[in-house]
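Here is what each chain is made of, one letter per residue.
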Amino acid sequence: MSRIIVVTSGKGGVGKTTTSAAFATGLALRGHSTVVIDFDVGLRNLDLIMGCERRVVYDFINVINGEGNLNQALIKDKRVENLYVLPASQTRDKDALTLKGVEQVLAALSERFEFIVCDSPAGIEHGALMAMHFADEAIIVTNPEVSSVRDSDRIIGLLSSKTRRAIQGDTPVREHLLLTRYVPRRVQSGDMLSAQDVQEILAIPLIGIIPESTAVLQASNAGEPITLDSDTDAGQAYLDVVARFLGEDRPIRMFSGKKGLFSRLFGN
């Protein structure tokens, strides 16, 4: 049975699209049939990070509106077997995402793929709610700073109240915390929240820590998901996240045992 995973956070710029691309690529590298969908209608950045922007002819909204079918809209990755991208539209409004339309597309994709990764737009508006509504699992991407953590806490509240699972009284959406742009020396100096601080605030399981790395920006600019470069710290960290998601027991790297700013200000 297909699993739908939303990559989400309240705050923009924390690395959702980078994570969606890296995570989906990592799943496909492990042999799982995977599609990653861009829910950021009107902006559309996933295709850039996946390096397929020139191949977009039909998009997610075209499929919802019956202006094209999935075979026309899905873009097969040239580097990784079993990996596909469903791009967003740059010319439509987010309101073009309808609950019925999204459900129909996801149902069709579920017949073809093991994993469906939904790249959510920032914020808590219509597009983000559509991205999370049908999710089975959620990766909540957070930077180790107060405003990002606070916004993620709001997202956790929505996952437990506004999703289909919550509305129907089913098993809750399984939540995973992913900490990005982590710099241990800044944690140690008290300029950044520690992983322990963030976990204490959000109280959801930590699936990984992605270090701050120039390799991520370079990979994004080149249209290469960072998981294709396993020689980098960030690439290996994302591959570790995929392994943990699939049930493997791997130690989390870059974890600092020192208390950060939050604990120093507010205690335990």
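The paragraphs below set out a description of the structure included in this document. (Residues numbered from 1 in each chain as written. Predicted model: local features only at pLDDT ≥ 70, side-chain atom pairs only at ≥ 80, totals over all residues. Heavy atoms only, no water.)

## Regarding helix α12 (residues 233-245)
The first and last C-alpha atoms of α12 sit 18 Å apart over 13 residues, in line with the 18 Å expected at 1.5 Å per residue. Along α12, 11 of the 13 residues are buried, which leaves the element largely enclosed by surrounding structure. Residues of α12 that are buried: A234, G235, A237, Y238, L239, D240, V241, V242, A243, R244 and F245. Positioned one or two residues after α12, G247 has a phi angle of 105°, which is positive. (Helix = DSSP H or I, 4+ residues; strand = E, 2+ residues; numbered from the N terminus. Expected span 1.5 Å × (residues − 1). Buried < 20%, exposed > 50% of the residue type's maximum accessible area, 1.4 Å probe, protein only.)

## With respect to the environment of L99
Among the structural elements, L99 can be located in helix α5 (residues 99-110). By relative accessible area, L99 is classed as partly exposed at 39%. Residues L99 and M130, 31 residues apart in the sequence, show an inter-C-alpha distance of 6.8 Å. Setting aside anything within four residues of it in sequence, one finds L99 in contact with M130, H133 and F134. (Contact = heavy atoms within 4.5 Å.)

## Re the side chain of S89
Structurally, S89 is set in the loop between β4 (83-86) and α5. Under the relative-accessibility criterion, S89 is labelled buried at 1%. Here S89 is in contact with D40, V41, G42, L43, R44, D59 and I61, once residues within four sequence places are set aside.

## Focus: the sheet that holds strand β7 (residues 174-182)
An order of β3-β4-β2-β5-β1-β6-β7-β8 is seen for the eight strands of this open sheet, with the pairing classed as mixed. In the strand order of this sheet, the two ends are held by β3 (75-76) and β8 (206-211), each with one partner. Sheet topology places strand β2 (residues 34-38) next to strand β5 (residues 115-119); five bridges connect them, and they run parallel. Following the sheet pairing, T34 is matched in β5 by F115. (Pairing = 2+ DSSP bridges.)

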